[in-house]
Amino acid sequence: MEIYNPKEWIKPVLYWHKADTMRKLFPYLIIAAVFSWGIAFFELEYLKISEKSWVKNITVVHSLLGFALSLLLVFRTNTAYDRWWEARKQWGALVNSCRILAYKLNAMLPQDDKSSRVFFRKSISMYTRALIGHLRSDYTTYMLDDLDHPEIEPDKHRPNQIAGLMFKTIHKLYREGKISSEDYRLVDQELNTLTNVCGACERIKNTPIPKSYISFLKKFIVIYVASLPSGFVFSIGYFVAVAVPFVFYVLASLEIIAESIEDPFGLDQDDLPIEKISGNIKKHVEELIPLQ
Amino acid sequence: MEIYNPKEWIKPVLYWHKADTMRKLFPYLIIAAVFSWGIAFFELEYLKISEKSWVKNITVVHSLLGFALSLLLVFRTNTAYDRWWEARKQWGALVNSCRILAYKLNAMLPQDDKSSRVFFRKSISMYTRALIGHLRSDYTTYMLDDLDHPEIEPDKHRPNQIAGLMFKTIHKLYREGKISSEDYRLVDQELNTLTNVCGACERIKNTPIPKSYISFLKKFIVIYVASLPSGFVFSIGYFVAVAVPFVFYVLASLEIIAESIEDPFGLDQDDLPIEKISGNIKKHVEELIPLQ
Amino acid sequence: MEIYNPKEWIKPVLYWHKADTMRKLFPYLIIAAVFSWGIAFFELEYLKISEKSWVKNITVVHSLLGFALSLLLVFRTNTAYDRWWEARKQWGALVNSCRILAYKLNAMLPQDDKSSRVFFRKSISMYTRALIGHLRSDYTTYMLDDLDHPEIEPDKHRPNQIAGLMFKTIHKLYREGKISSEDYRLVDQELNTLTNVCGACERIKNTPIPKSYISFLKKFIVIYVASLPSGFVFSIGYFVAVAVPFVFYVLASLEIIAESIEDPFGLDQDDLPIEKISGNIKKHVEELIPLQ
Amino acid sequence: MEIYNPKEWIKPVLYWHKADTMRKLFPYLIIAAVFSWGIAFFELEYLKISEKSWVKNITVVHSLLGFALSLLLVFRTNTAYDRWWEARKQWGALVNSCRILAYKLNAMLPQDDKSSRVFFRKSISMYTRALIGHLRSDYTTYMLDDLDHPEIEPDKHRPNQIAGLMFKTIHKLYREGKISSEDYRLVDQELNTLTNVCGACERIKNTPIPKSYISFLKKFIVIYVASLPSGFVFSIGYFVAVAVPFVFYVLASLEIIAESIEDPFGLDQDDLPIEKISGNIKKHVEELIPLQ
Amino acid sequence: MEIYNPKEWIKPVLYWHKADTMRKLFPYLIIAAVFSWGIAFFELEYLKISEKSWVKNITVVHSLLGFALSLLLVFRTNTAYDRWWEARKQWGALVNSCRILAYKLNAMLPQDDKSSRVFFRKSISMYTRALIGHLRSDYTTYMLDDLDHPEIEPDKHRPNQIAGLMFKTIHKLYREGKISSEDYRLVDQELNTLTNVCGACERIKNTPIPKSYISFLKKFIVIYVASLPSGFVFSIGYFVAVAVPFVFYVLASLEIIAESIEDPFGLDQDDLPIEKISGNIKKHVEELIPLQ
């Protein structure tokens, strides 16, 4: 993730990053321009359809449905943003729990129990690293697919294993009376968060928007834009070669932004900086459980 | 559920799966096309209504109400999606609780208490299987119906019985001092989730959107589309036979997608892959409570 | 509540139930039709206003405000639906807590303590029955009214009394050492839910949408529809007698559906089947606390 | 708050209460009417601007922006409603906690500890009264103002003091062994709610919508409405004197309703009946902690 | 933050504060006016494009996309407001927890343990001050940036250190038996809130809206407004020099308000008064833990 100054106006307008929708859509915009120009040429020079023709009014359908399409796309982008923000919240919860775990364990663990101290200092950030690996693996992506994917199935679910190990260690400390029963409970609460965050991130990753919805939306956009020039030609002539690509740019950008943010654990520019977050967790945990 | 690449554009547009709305609506689109053509023919060739006629302007009503209809349908789809997503979240909570239960029980249960280990290893995934059966049974569908359905009433509510049995076993272990009072509390929290998830899924399943709302929406769509050609004929002539089915396709698709996702426990393509989730739970629980 | 098949299209369109908005609005639709026809006759035959008249363009105001009105009404319906769904969720929480209470008490109560078993078996479903009575009484409706209503004030708040009695019994069992302190805590959590659900349902029942909002909305609908025919006459002539009632049907239906679902504890067709839910609770509690 | 029958249509339309927006806006509507008539007269009789003039088409801007304005205002009203409803929920939580506190304390307090019984019976409803006083004081309103307001600063924060005293008493009972440690925890949970509700209500009260947003919205409404007649005159002539005030009525009503409900603790008709709620709490607490 | 009377209408309209969007946008409005006038002059006087030209109808694209743009911007503002309001809620939670901590510690700490009393009296408000410093530092802003910023990295995360110290002190009191295990748990709950609030505020601060979304939105606004005059000239002539800046004012204001409120921890006029809140916490904590 790149931090930017949201108050600038010139830069974002001239912005031409590889994640920018304008760039991603560039080839399609060219196609739309050529296609529109072709339609215009065909209707105006070849068919010489008169202004009286019924073709001219075909745009009434576009204005009738334009609202539904805009609404759908804006909602679509918002749903995607909600997923992205929920993922960020989950990682925020992970940060909080790791910090709380760290300062609690620092106070609770006997001053001389070096090995437990080292263990938790390490295992907390190891959990976050394992979670990143898990969320970026193909296994997570295809976890709920109709088909089985035995070839990508890992040996064991790593985050689960680490959480299990951490709990086991805490339970042992409690059984041995090294930490009190109250301490045990307080630590347990935070450990639960680790597994809950993992489950929530898996959910966001492996459950995309229902396929028939996406398929409908893309069909709608394509038919809408493709049928736009035939009617528009009579109002704006060869300008369709500019106007139609612009309409397509707006509509498709919304869909593309939605696609790029709804799976926030990848390596795209808009994805969550989970590596950075994990690095910060490591740093703060080490600050909070000093080694002597 | 089929995992797809959300970044593709060609495939979804050409997509012709049996769950696709285009396919489901196909017969109705034909009817709409024929009907519109009929109206056009009747008005243009038979009645020969002049352009001056009042019929021509009947579309002002359509543009006045088009916005309300679009808004309603988009909200409708969103409400349905919210139910679908809530169901997914509930199953996510179930996954989390089962995992937490598993690694906690693994640490808590005495190493030599084989029978308890086997019991929980089995009963956790048995619960998820029983829940699937319960959610797909007619009993759940008609649980709140006005009429009684004694013929489909099961002997007992299975998920409740299993949850009750699990709690009883935990309680016994606690009474016998095999697990501490703290352990008892920590396990109990997760057991509650099982019943809460079951109740929430039953709610989503047995409480559809208020009937008068759905009935109103369908009446609105049908009247709206059926009255569309009579006015449109004067702007776009025989093109109504293409334009009106397209409008109907858009409006009805939204309704159909909503219908297909608002009950997410079935076997449709857009339904939640609860069998897969249940299978994953089984696998992970067995990983976390190894048998020796 | 009547369970219906949401995938049907013919039935809902022909649906003519007494709760259907088409039926509720029928007399008003007739009035709107007659009124519109009257305006049309008056303007066309009597005043013979020419097409050039300013009256003709009065509809620009309608299209300017049509969007605001649609938006308001759709939001209105959604707010009402949110209340309805919140009420359903509260009753869902009640179901969950009653089930959890039942299987916990079954495990906790000494096998031979018949009287406690009978007590809780009865009191749980008695609570749900008392809650129904409470929510349907005039007392709840007028709880927060400006005026006092001593004539409908019940002797005591029944659900509170039953919850108090249940807690007292649990507390006594705990004091007497029949259940452990952990058991006491676990049961207490669920008992709290009963009172929380009761409070939330009272809130939904006794706090309608702010009056000035509703009053504004109804004024807006009536003025909007009443002024519609005078301008429309010039576009669609006598068709106003069909078009205006249809516009009114759409707008008023949204308001009527909102009204019918925002108080979900009544006996209307769209109201929540709280009697059924209460019956199910009774059945499941009895299954879970068998009398042996 | 006045309880009304939401199913009535005649009354709300004729409703002319002092809180009604129609009445509040009356003087402004007159001004808008006179102003619009003045513009119409000026343009039609004095300037005699021809139909061809560019002024005529100035309304294209209005239709372009009308949608944004409607959307903004409807969202504005919904945000305000959300605050109002959140405040109601907070007071609902207060009701629940007070009832739960009451029946718990009744069971827990030793039968002969008259003084504690009397203390809690009184202090619970005293808290709610103190909260009302606090929420209606100028101190709360200006708590976060840029300027200091030493003149309205109370000696101490009363709700905090009462909550502190209640906790101290409970803690003393626990220390003295009059209530068990479990009892202490259960009561503590509910006491926390009191302070949480107080903080949430303060938040709603002392943090209005960002000022630049409100200032923008009002500028937008005023410029929009003030520039409406100059273009409208050419479509609807002297009817602007009716149409423009109506447009203003609709837009400003939304803003006024939002203003009136977003601070729900006052004495307006749409404000929450917190006195009534507080009275009900008192009655129910006294029912639940009987004095002998 | 400046407290204002939301019921005033004259002041906000004439309002010309430095945070007002009208003022911020002033130079751009001048540019837009000059640019529009230039286009008008060029098309009308120089090119003398006839009314028949296709340029004239270019506005159909603007009305087609105007809705999508409005919708996007209103949603944008609402998302920003949600962040702002979430931040306010987090600080509200901080206020509540600090108050609860204060009155609990006052009751729990031994009357003669002066040093602990002084410690907590100080450390609670020290935490809030450290949080303000942290949230306003560049470190927090660039915490998740792609680049490392070692030059602004503080020695240690101060809020974490203070929270850790507070927990350590509580844990010591509990170990030494100065407070009971129940007391320990009750205090711990509130201490967790401190760290959770800190994490949530960091999240709001260091995770802006995805950059490609913002970049798209600004491109859309600029292209939309820049292409507006060329078509509008034919409807409203030189009035474009007023109308286009107004359209830009409305669209850009929404974006600017969103930018100004989505990072609520700064020193702008619309930012949250966290200094004031922190001051109030200090005052109330000192009231609740009196020093003798």
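Quantities reported herein were computed from a predicted structural model and do not represent experimental measurements. (Residues numbered from 1 in each chain as written. Chains lettered and ligands numbered in written order. Predicted model: local features only at pLDDT ≥ 70, side-chain atom pairs only at ≥ 80, totals over all residues. Heavy atoms only, no water.)

Caption draft 1: Representation of a nonpolar patch on the surface in the model. Taken together, Phe-26, Ile-30 and Val-34 of chain A make up a surface patch of nonpolar side chains, about 280 Å² in accessible area. A relative accessible area of 44% places Ile-30 of chain A in the partly exposed class. (Patch = residues over 30% accessible without salt bridge, like charges linked within 9 Å, V, L, I, M, F, W, Y side chains within 5 Å. Areas by Shrake-Rupley, 256 points an atom, 1.4 Å probe, with all protein chains shown as cover. Salt bridge = Lys/Arg side-chain N within 4 Å of Asp/Glu carboxyl O. Buried < 20%, exposed > 50% of the residue type's maximum accessible area, 1.4 Å probe, protein only.)

Caption draft 2: Quick peek at the interface of chain A and chain E. Taken together, the contact pairs 77 residues of chain A with 75 residues of chain E. Around 7100 Å² of area is buried between chain A and chain E when both sides are counted, 65% of it from carbon and sulfur atoms. Where chain A meets chain E, there are 4 salt bridges. With a shortest N-O distance of 3.5 Å, Arg-175 of chain E and Asp-183 of chain A are connected by a salt bridge. The tally of links from chain A across to chain E stands at 20 residue pairs in polar contact (both at pLDDT 80 or more). Broken down by element, the residue count for the side of chain A that touches chain E peaks at 22 residues, all from helix 3 (residues 59-108) of chain A. The residue makeup of the side of chain A that touches chain E, split by class, is 44 nonpolar, 16 polar and 17 charged. (Contact = heavy atoms within 4.5 Å. Buried area = accessible area lost by both parts, 1.4 Å probe. Polar contact = N/O pair within 3.5 Å; in protein donor to acceptor, adjacent residues only side chain to side chain. Helix = DSSP H or I, 4+ residues; strand = E, 2+ residues; numbered from the N terminus. Nonpolar A, V, L, I, M, F, W, Y, C, P; charged D, E, K, R; others polar.)

Caption draft 3: Expanded view of the state of the cysteines. The final tally for this structure, using the stated rule, is 0 disulfides over all chains. In this structure Cys-201 of chain B is not part of a disulfide, and its nearest cysteine sulfur, from Cys-198 of chain B, lies 7.2 Å away. The thiol of Cys-98 of chain C is unpaired, and the distance to the nearest cysteine sulfur, on Cys-201 of chain C, comes to 12 Å. Taking the relative accessible area as the measure of exposure, Cys-98 of chain C reaches 1% and is therefore buried. (Disulfide = S-S within 2.5 Å.)

Caption draft 4: Expanded view of the packing of aromatic side chains. According to the stated counting rule, one finds 90 aromatic pairs over all chains in the structure shown. Aromatic pair Phe-42 of chain C and Tyr-46 of chain C: ring centres 5.5 Å apart, planes at 15 degrees, arrangement stacked. Within this pair, Phe-42 of chain C and its partner Tyr-46 of chain C are both found in helix 3 (residues 26-47), separated by 4 residues, close to a single helical turn. Here the aromatic rings of Tyr-174 of chain E and Tyr-184 of chain E are separated by 4.1 Å at their centres, their planes lie at 10 degrees, and the arrangement is stacked. With a gap of 10 residues between them, Tyr-174 of chain E in helix 6 (residues 158-175) and Tyr-184 of chain E in helix 7 (residues 181-206) connect regions that are remote in the sequence. Classification of Tyr-184 of chain E by relative accessible area gives buried; the value is 0%. (Phe/Tyr/Trp six-rings, centres within 6.5 Å; stacked < 30°, edge-to-face > 60°.)

Caption draft 5: Focus on the relation of the copies chain A and chain E. If you rotate chain A by 72 degrees and push it 0.0 Å along the axis, it lands on chain E with an RMSD of 0.0 Å. Here the copies are linked by what is in effect a five-fold axis. When C-alpha distances to the rotation axis are compared across chain A, the minimum falls at Phe-67 of chain A, with a value of 5.8 Å. Looking at chain A, a mere 5% of its interface residues are interface residues in chain E too, so the copies touch through different faces. (Least-squares fit on C-alpha atoms with pLDDT ≥ 70 in both.)

Caption draft 6: Highlighting the packing of helix 2 (residues 21-47) of chain A against helix 9 (residues 228-236) of chain A. All names here are of chain A. Running from N to C, helix 2 and helix 9 point in directions that differ by 60 degrees, and their axes come no closer than 9 Å. Taken together, the axes of helix 2 and helix 9 are oblique relative to one another. Along this stretch, helix 2 crosses helix 9, giving a crossing that reads as right-handed. Contacts between helix 2 and helix 9 involve Phe-35, Ser-36, Ile-39, Ala-40, Glu-43 and Leu-44 from the first element and Pro-229, Ser-230, Val-233 and Phe-234 from the second. Here the contact of helix 2 with helix 9 is built from residues that sort into 7 nonpolar, 2 polar and 1 charged. (Axes fitted to C-alpha atoms, helices over the stretch in contact; angles between N-to-C directions. Parallel < 35°, antiparallel > 145°, perpendicular 65-115°, else oblique. Left-handed = near helix turned anticlockwise from the far one by under 90°.)

Caption draft 7: Up close: helix 7 (residues 158-175) of chain C. Relative to the 26 Å expected for 18 residues at 1.5 Å per residue, helix 7 of chain C spans 25 Å between its end C-alpha atoms, a close match to the ideal helical length. Residues of helix 7 of chain C that are buried include every one of Pro-159, Asn-160, Ile-162, Ala-163, Gly-164, Met-166, Phe-167, Ile-170, His-171, Leu-173 and Tyr-174 of chain C, and no others. Close packing links the buried residues of helix 7 of chain C with helix 4 (59-108), helix 5 (114-136) and helix 8 (181-206) of chain C together with helix 3 (59-108), helix 7 (181-206) and helix 10 (274-288) of chain D. (Expected span 1.5 Å × (residues − 1).)

Caption draft 8: Molecular detail of the UniProt feature "transmembrane region" (unreviewed entry) in chain A. All names here are of chain A. According to UniProt, the positions carrying the feature "transmembrane region" (unreviewed entry) are residues 25-42, 54-75 and 221-251. Helix makes up 77% of residues 54-75 and strand makes up 0%, while its end C-alpha atoms are separated by 34 Å. Annotated as residues 221-251, this span is 87% helix and 0% strand, and its ends, taken at the C-alpha atoms, are 7 Å apart. (UniProt positions renumbered as here; feature names shortened; annotations may be inferred.)

Caption draft 9: Representation of the environment of Leu-251 of chain C in the model. Residues and elements named next belong to chain C. The residue Leu-251 is located in helix 11 (residues 240-262) in this model. Here Leu-251 falls in the buried class, since its relative accessible area comes to 3%. Taking the C-alpha atoms as reference points, Leu-251 and Ile-261, 10 residues apart in sequence, are found 16 Å from one another. For Leu-251, the residues in contact, after removing those within four places along its chain, are Leu-69, Leu-73, Ile-221, Tyr-224 and Val-225.

Caption draft 10: View of the pattern of salt bridges. In the structure shown here, the tally under the stated rule is 70 salt bridges over all chains. For Lys-205 of chain B, the salt bridge is made with Asp-263 of chain B, and the minimal N-O distance between the two is 3.7 Å. Of this pair, Lys-205 of chain B sits in helix 7 (residues 181-206) while Asp-263 of chain B is found in the loop between helix 10 (240-262) and helix 11 (274-288), placing the two residues 58 residues apart along the sequence. Exposure remark for Asp-263 of chain B: the relative accessible area of 29% places this residue in the partly exposed category. Here Arg-185 of chain D makes a salt bridge to Glu-182 of chain E, at a shortest N to O gap of 2.8 Å. Of the two residues, Arg-185 of chain D is situated in helix 7 and Glu-182 of chain E in helix 7; the pairing between them involves two chains. Overall, the relative accessible area of 7% leaves Arg-185 of chain D in the buried class. By sharing partners, the salt bridges in this structure join Arg-76, Glu-255 and Glu-262 of chain A into a single network.

Caption draft 11: Structural context of the packing of helix 3 (residues 59-108) of chain B against helix 11 of chain B. Residues and elements named next belong to chain B. Where helix 3 contacts helix 11, the axes come no closer than 9 Å and their chain directions differ by 15 degrees. Classified by the angle their axes make, helix 3 and helix 11 are roughly parallel. Relative to helix 11, helix 3 is oriented so that their crossing is right-handed. Every residue of helix 11 that contacts helix 3 at Arg-88, Trp-91, Leu-94, Val-95, Cys-98, Arg-99, Ala-102, Tyr-103 and Asn-106 is listed here: Ile-274, Ile-277, Ile-281, His-284, Val-285 and Leu-288.

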